[in-house]
Amino acid sequence: MLNKTKITKNKLITACSFAAVLSVSAANTAIAGDEFIFAQAYNTEHIFHQTSQKFIEQMKQQGSAYTADYHPGGDLGDWTSQFEQTMMGVIPMTITYGASEFDGRLDLTWLGYVVDDWESARKVYGPGGPMLAVYNDIFADLDLVALGTIPTGFGSITIRKGVDKIPTNFPEDAKGIKMRVIPSPLAIERFKNWGFAAVPMPYSELYTALQLGTVDGRAFGPAVEIYQMRDVLEAYILTRDYFEHAFWLVNKDWWEDLPAAERNKMQAAADATLKWAWQEAESLDNGFLDKVRDNGIKVIELSDQELTKAKDILYAKEWPYMEKKVGSDIMNMMREIAGI
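Our subject in this report is the structure included herewith.

Here is what the cut-offs are and how they apply
Residues numbered from 1 in each chain as written. Predicted model: local features only at pLDDT ≥ 70, side-chain atom pairs only at ≥ 80, totals over all residues. Heavy atoms only, no water. Helix = DSSP H or I, 4+ residues; strand = E, 2+ residues; numbered from the N terminus. Rg over C-alpha atoms; globule rule 2.2 N^0.38 Å. Buried < 20%, exposed > 50% of the residue type's maximum accessible area, 1.4 Å probe, protein only. Contact = heavy atoms within 4.5 Å. Areas by Shrake-Rupley, 256 points an atom, 1.4 Å probe, with all protein chains shown as cover. Lys, Arg positive; Asp, Glu negative; His and termini not counted. Charge placed at Lys NZ, Arg CZ, Asp CG, Glu CD. 1 Å grid on protein atoms, 1.4 Å probe; cavity = no way out; pocket = protein on both sides within 12 Å on 5 of 7 lines; lining within 4 Å. Points joined across faces, edges and corners; volume = space filled by probe spheres on them. Nonpolar A, V, L, I, M, F, W, Y, C, P; charged D, E, K, R; others polar. Pairing = 2+ DSSP bridges. Salt bridge = Lys/Arg side-chain N within 4 Å of Asp/Glu carboxyl O. Axes fitted to C-alpha atoms, helices over the stretch in contact; angles between N-to-C directions. Left-handed = near helix turned anticlockwise from the far one by under 90°.

### Concerning the overall build of the chain
And then number 1: Looking only at helices and strands, the chain features 13 helices and 9 strands.
And then number 2: Against the compact-globule benchmark of 20 Å for 340 residues, the chain has a radius of gyration of 20 Å, which places it among compact chains.
And then number 3: Considering the chain as a whole, with its 340 residues, one finds that 54% of them fall into the buried category.
And then number 4: Within the chain, contacts between residues separated by at least 24 positions form 76% of all contacts whose residues are at least 6 apart in sequence.
And then number 5: Of the roughly 13,900 Å² of accessible surface on the chain, a fraction of 51% belongs to carbon and sulfur atoms.
And then number 6: Taking the average location of the 33 positive side-chain charges in the chain and that of its 46 negative ones, the two points are 4 Å from each other.

### Points about empty space enclosed by the protein
And then number 1: The final tally for this structure, using the stated rule, is 3 cavities of 30 Å³ or more.
And then number 2: Quantified by volume, the largest cavity comes out at close to 80 Å³.
And then number 3: Lining the largest cavity are Glu45, Ile47, Pro151, Thr152, Pro222, Ala223, Val224, Ala281, Leu284, Asp285 and Phe288.
And then number 4: Elements represented by at least two residues in the lining of the largest cavity include exactly β4 (144-160), α9 (223-228) and α11 (260-294).
And then number 5: At 4 residues, the largest contribution of residues to the lining of the largest cavity is made by α11.
And then number 6: Residues that form the lining of the largest cavity fall into these classes: 8 nonpolar, 1 polar and 2 charged.
And then number 7: What the second largest cavity holds in volume is close to 70 Å³.
And then number 8: Every residue along the wall of the second largest cavity is listed here: Tyr42, Trp79, Tyr97, Trp110, Arg180, Ile182, Tyr203, Arg218, Phe220, Glu225 and Glu244.
And then number 9: Looking at side-chain class alone, the lining of the second largest cavity contains 7 nonpolar, no polar and 4 charged residues.

### Quick notes on the pairing of strand β3 (residues 93-96)
And then number 1: Along β3, one buried face is formed by Met93 and Ile95 and the opposite face, lined by Thr94 and Thr96, is buried too.
And then number 2: Pairing of strand β1 (residues 35-40) with β3 involves 3 bridges; the strand directions are parallel. By the bridge assignment for β3, Gln40 is matched with Ile95.
And then number 3: Relative to strand β8 (residues 233-251), β3 runs antiparallel, the two being bridged by 4 bridges. Paired with Ile95 across the bridge in β8 is Trp248.

### Section: the pattern of salt bridges
And then number 1: Per the counting criterion, the structure on display carries 17 salt bridges.
And then number 2: Between Arg105 and Asp103 there is a salt bridge, and its shortest N-O distance comes to 2.6 Å.
And then number 3: On the accessibility criterion, Arg105 (14% relative accessible area) is buried.
And then number 4: Among the charged side chains, a network of salt bridges with common partners joins Asp103, Arg105 and Asp141.

### Remarks on the environment of Arg122
And then number 1: Following the sequence through the fold, Arg122 ends up in helix α5 (residues 118-125).
And then number 2: Among the residues examined, Arg122 registers a relative accessible area of 29% and is labelled partly exposed.
And then number 3: Residues Arg122 and Pro151, 29 residues apart in the sequence, show an inter-C-alpha distance of 8.7 Å.
And then number 4: Ignoring anything within four residues of it in the chain, the contact list for Arg122 reads Trp278 and Glu282.

### Some details on the packing of α5 against α11
Working note: a packed helix pair is described by the angle between its axes plus the distance between those axes.
And then number 1: Running from N to C, α5 and α11 cross one another at 145°; their axes reach a closest spacing of 11 Å. Every pair of crossing elements has a handedness; the one defined by α5 and α11 is right-handed. Taking contact as the criterion, the partners of Trp118, Ala121, Arg122 and Tyr125 in α5 are, on α11, Trp278, Ala281, Glu282 and Asp285.
And then number 2: In terms of residue class, the contact of α5 with α11 is built from 5 nonpolar, no polar and 3 charged.

Printed below as a string of structure tokens:
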């Protein structure tokens, strides 16, 4: 089990260096006062931004004395950096993904082929679903609390312009294709098992890498992100290999030190916002998939045979790999959810 005392010296330096860059007044908002930093790393087309705006509206409706100093678009660092800064209390609230470099169990969020459709995704990951408690058991060791999960959509793979391969049959079609993956051991494991040359890379470097041909394609891409990079992409292959969901995180110490009445108002605002996000996310995701098609990117479905083959590889190799990290109790629950 990881805890805050086991964070490496370099990671502490990173967080401290960032804190030094902030103005004194901004730094103080992370600790006390009626204004607090709320950040997320994606642009204004992303559901993270729309969720953030909805929360700010809900805070006003709740009559909270606190206001959010909102930072979209990654001006306070990419999503991994914001995860770390929230652990440290530099940013008290963020919407971001689970950064498994701080706890390998968070690779559970990327586990392949757990759910097949939006209805099952809501039951598993949405409000009242079983996964939030599992995640919060992990986050407690990192001085974090997840208020809920934010759905992004099913992630798939894409190929850049200039590459003459469109892989659909794994591992045969994947040979020689350099596929960008998130910097996660599970991600590397998945795409190696599928036959690709897995290239871990931060999101901030991805667009340039696709432009320059450093990588041939990208994995872990929901439709909104494919649309944002549409000018460099040729094909979007709907593997739907995982359901992408992010976390609405708060620093645990900051959260627990809030006046109880204000914490209750924030929780109520977050609950209302999460309900909205899970109602809207599917139509937003489908809308961006339509935009991807309309902008000339080839959208390709796997055949039933290809999909079954892709799933079987992950169930046989990736799931036992993950079981070593999270234990049999959690993975037996995941198998029951997935029906395997």
